[in-house]
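What follows is the residue order along each chain.
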Amino acid sequence: MASTSTQIASSSSSLTPRWRYDVFLSFYGEDTRKSFIDFLHFILTQKGIIVFRDDKNLDKGKQISDELLKAIQESMYAIVVISENYAFSKWCLIELVKIVECMRDTGLTVLPIFYQVNPSYVRNQTETFAEAFTSHEKDLKVDIEMMQKWRAALREVGNISGWHVHDRHESIVVEEISRRILSGLSGNFSNVSKDFVGIESRVQEMMTLLSKGLDDVRFLGIYGMGGIGKTTLSKAIYDRVSHQFEASCFIAGIREETRSTHGLVSLKKQLIFEILAERELNIWTDHRLSRVIENRLRTKKVFIVLDDVDGEEQLEALAGSHKWFGEGSRIIITSRDRHLLNRYVDDTYEVKVLKDAEALWLFSWKAFKKPHPEENYVELSKDVVSYAQGLPLALEVFGSFLFDREMDFWIGARNLLKEKPNAKILDILKISFYGLEDMQKQLFLDIACFFRGVRRDNMRHILDSLGHYPDVNIDVLVDRSLLTISWGGLWMHDLLRKMGQQIVDCESAEEPGRRSRLWRYEDVLHVLKNNTVSVLV
């Protein structure tokens with residue numbers, strides 16, 4: 001079995017980008033350089049895509065440069081613009097052979113553009129392509145083996161689905177190509193975040209599900225236990241592909257929001273506003289809002305994430321039917337309830353715990369700010385990672401708690417965990433909570449009970465008046481992985497929120513009136529009816 005350090009090194013190398021260029025352009029200059037290629041190159045570079053374009057007339061040189069062949073190897077995509085006279089250039093054909101080799105060896109993605117030529121001419125080497133090979137046969141410097149490679153490369157590229165530029169507007173084709181490149185680049189980490197350890201393989205698996213039936217409307221479900229990373233995965237996918245759709249919307253915390261005052265009405269209005277950009281809607285009934293969603297979205301290609309769904313009524317209200325959305329739309333639903341998803345979605349994806357190497361990597365980033373433990377902390381780190389059993393939330397929270405701590409503190413924390421080997425993950429979260437200063441504890445409990453999801457800017461004055469010093473202590477909670485700021489709102493994971501609420505409940509297990517906070521409707525009603533409120537000593 002490979003050592004942990006070897007596994008980490010392997011994982012690290014697989015995530016390290018090896019590309020120098022996003023796109024390599026292959027073209028015959030006399031046909032396209034001052035027209036289509038100029039326009040294509042301008043649009044790609046304008047969108048921030050790194051393009052290798054050789055502007056030298058290679059036919060005047062004696063041999064194709066090593067730099068050019070190396071550039072092909074170091075590119076993620078090769079756009080091959082095959083024009084009428086492309087095959088007359090032996091240097092273009094040498095490029096093409098190298099491109100086909102890299103397609104197999106390095107994973108180079110080839111995007112062919114058949115510029116004013118029929119793809120069948122390329123595959124079968126007819127018309128001007130036949131004339132080109134007749135010309136090459138007369139060249140004493142071209143041997144039979146080289147000719148066979150050129151023909152094979154043209155056949156292979158000619159069989160790849162690409163763009164046929166004939167009667168279409170070139171601007172439309174160029175826009176489609178740039179979107180295809182941007183989509184692929186966003187689907188590959190050029191700079192993988194250390195906080196997203198293990199996410200790439202999960203995203204790629206989800207992308208496979210998303211790509212099925214491109215013109216169909218598809219509902220996809222993501223499920224798994226609390227703290228496993230369902231929301232993280234759905235956000236990563238949303239960030240990568242939402243730009244490909246006419247409109248998009250990410251609705252977070254649906255389960256909890258449904259239980260608020262306005263509930264589903266508020267969520268429906270959010271969906272309508274983000275998709276249709278209509279803020280003022282004087283409609284407050286579920287039925288009428290559902291009709292607006294159904295009637296107005298059916299012609300739009302949309303990408304929607306419904307996060308943390310736990311009831312059938314939520315899905316009926318926000319995504320009642322495939323017919324509600326336009327062709328090519330994608331709806332992702334995250335939930336802990338696989339059975340609920342199975343009644344609605346076309347495919348499901350289970351988010352599983354991190355592998356050992358991934359788990360140690362994630363823990364090390366939080367505990368040491370690097371992808372491996374300090375030399376004297378390797379065994380202690382492995383103990384903690386083993387206890388967390390691959391749950392990302394536990395790894396992040398405990399790693400943050402142990403960051404910059406002395407050895408004795410680590411040993412004590414490790415021993416505390418081992419006293420309760422079968423304890424729930426809440427026990428780990430409580431250890432992080434008990435490491436806070438009192439003022440930070442009080443702020444955490446207030447957010448857990450009352451302010452989760454509220455915008456930070458809106459709550460600054462209230463939290464300040466409570467003596468929480470939010471500008472300082474919110475950042476402390478974020479640093480300890482007890483709180484996140486998402487789109488300006490204060491968010492904490494369900495397990496963290498439940499941990500805080502459990503701490504408050506334990507202040508007085510039997511009598512809610514003796515607790516520091518009343519956050520349940522029934523507890524408030526009990527205290528008011530029985531006049532049992534008292535001040536904690």
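This text follows the structure it describes.
The shown structure was predicted, so the numbers you read here are calculated from the model rather than taken from an experiment. (Residues numbered from 1 in each chain as written. Predicted model: local features only at pLDDT ≥ 70, side-chain atom pairs only at ≥ 80, totals over all residues. Heavy atoms only, no water.)

1. Notes on the sheet that holds strand S5 (residues 163-165)
Condition: Whether two strands pair depends on DSSP finding at least two bridges between them. Per the convention used, a helix needs a DSSP run of H or I reaching at least four residues, while a strand needs a run of E reaching at least two, with both numbered from the N terminus. In this description, a line fitted to the C-alpha atoms serves as the axis of each element, helices being fitted only across the stretch in contact, and the angle between N-to-C directions of two axes falls anywhere from 0 to 180 degrees. In what follows, a contact means two residues having at least one pair of non-hydrogen atoms within 4.5 Å.
Sheet architecture is open: five strands sit in the order S2-S1-S3-S4-S5, paired in parallel fashion. Here the strands that pair on one side only, and so sit at the sheet edges, are strand S2 (51-53) and S5. Ignoring which end each strand starts from, the neighbouring axes of this sheet average 20 degrees apart. Relative to S2, strand S1 (residues 21-27) runs parallel, the two being bridged by three bridges. Residue pairing across strands places Val-23 opposite Val-51, the latter belonging to S2. Together, S1, S2 and strand S3 (75-82) form the strand contacts of helix H3 (residues 66-73), whose direction differs from that of S1 by roughly 125 degrees.

2. Looking at the sheet that holds strand S6 (residues 218-223)
In a beta sheet, neighbouring strands pair by backbone hydrogen bonds and run either parallel or antiparallel. Here five strands make up an open sheet; going across it, the order is S7-S8-S9-S6-S10 and the pairing parallel. Two strands in the sheet have a free side with no partner beyond their single neighbour: strand S7 (247-251) and strand S10 (347-350). Going across the sheet, the axis of each strand differs from the next one's by a mean of 15 degrees, ignoring polarity. Examined bridge by bridge, S6 and S10 share four bridges and lie parallel to one another. Following the sheet pairing, Leu-220 is matched in S10 by Asp-347. Most of the contacts of helix H9 (residues 199-210) go to S10, to which it runs at about 175 degrees, and overall it touches S6, strand S8 (302-306), strand S9 (330-335) and S10. The sheet contacts of helix H10 (residues 230-241) involve S6, S7, S8, S9 and S10, and relative to S7 the element is tilted by about 165 degrees.

3. Things to note about the side chain of Ser-83
Selection rule: Exposure categories follow from relative accessible area, calculated using a 1.4 Å probe and restricted to protein chains: below 20% of the type maximum is buried, above 50% is exposed, and the middle band is partly exposed. N or O atoms closer than or at 3.5 Å make up a polar contact, with two conditions inside protein: a donor-capable atom paired with an acceptor-capable one, and, for residues adjacent in sequence, both atoms drawn from side chains.
Its place among the elements puts Ser-83 in the loop between S3 and helix H4 (90-105). Looking at Ser-83, the relative accessible area reads 2%, which means it is buried. A polar side-chain atom of Ser-83 sits 2.7 Å from a polar atom in the side chain of Asp-31. Leaving out residues up to four positions away in the same chain, Ser-83 has contacts with Tyr-28, Asp-31, Thr-32, Tyr-115, Val-117 and Phe-129.

4. Some thoughts on the packing of helix H17 (residues 378-388) against helix H18 (residues 392-402)
The test is simple: Angles are sorted into four bins: roughly parallel if under 35 degrees, roughly antiparallel if over 145, roughly perpendicular if 65 to 115, and oblique for all others. Less than a right angle of anticlockwise turn of the near helix away from the far helix marks a crossing as left-handed, whereas a clockwise turn marks it as right-handed. The classification used treats Ala, Val, Leu, Ile, Met, Phe, Trp, Tyr, Cys and Pro as nonpolar, Asp, Glu, Lys and Arg as charged, and all other residues, Gly among them, as polar.
For the pair H17 and H18, the least separation of the axes is 9 Å and the interaxial angle reads 150 degrees. Taken as axis vectors, H17 and H18 run roughly antiparallel relative to one another. Crossing geometry of H17 relative to H18 is assigned as right-handed. Across the interface between the two elements, Val-384, Val-385 and Ala-388 of H17 pack against Ala-394, Leu-395, Phe-398 and Leu-402 of H18. Here the residues of the contact of H17 with H18 are counted per class, giving seven nonpolar, no polar and no charged.

5. Section: a negative patch on the surface
Under the convention used in this document: Excluding any residue in a salt bridge, patches collect residues exceeding 30% relative accessible area, merging like charges within 9 Å and nonpolar Val, Leu, Ile, Met, Phe, Trp and Tyr side chains within 5 Å. Only the protein chains shown count as cover for residues, and all accessible areas are computed by the Shrake-Rupley method using a 1.4 Å probe. Between Lys or Arg on one side and Asp or Glu on the other, a salt bridge is scored when a side-chain nitrogen of the former is within 4 Å of a carboxyl oxygen of the latter. The charged-residue count follows a simple rule in which Lys and Arg add positive charge and Asp and Glu add negative charge, with His and chain termini not counted at all. To locate a charge, take NZ of a lysine, CZ of an arginine, CG of an aspartate or CD of a glutamate.
The grouping of Asp-215, Asp-216, Glu-327 and Asp-346 at the surface amounts to a negative patch. Topologically, Asp-215 is positioned in the loop between H9 and S6. The class of Asp-215 is exposed, set by a relative accessible area of 60%.

6. A word on the packing of H9 against H10
Viewed as axis vectors pointing N to C, H9 and H10 meet at an angle of 65 degrees, and their least axial separation amounts to 10 Å. When you trace H9 past H10, the crossing you get is right-handed. From H9, Ile-199, Glu-200, Arg-202, Val-203, Gln-204, Met-206, Met-207 and Leu-210 reach across to H10, where they touch Thr-232, Leu-233, Ala-236, Ile-237, Arg-240 and Val-241.

Any functional reading would require information that these geometric values do not contain.
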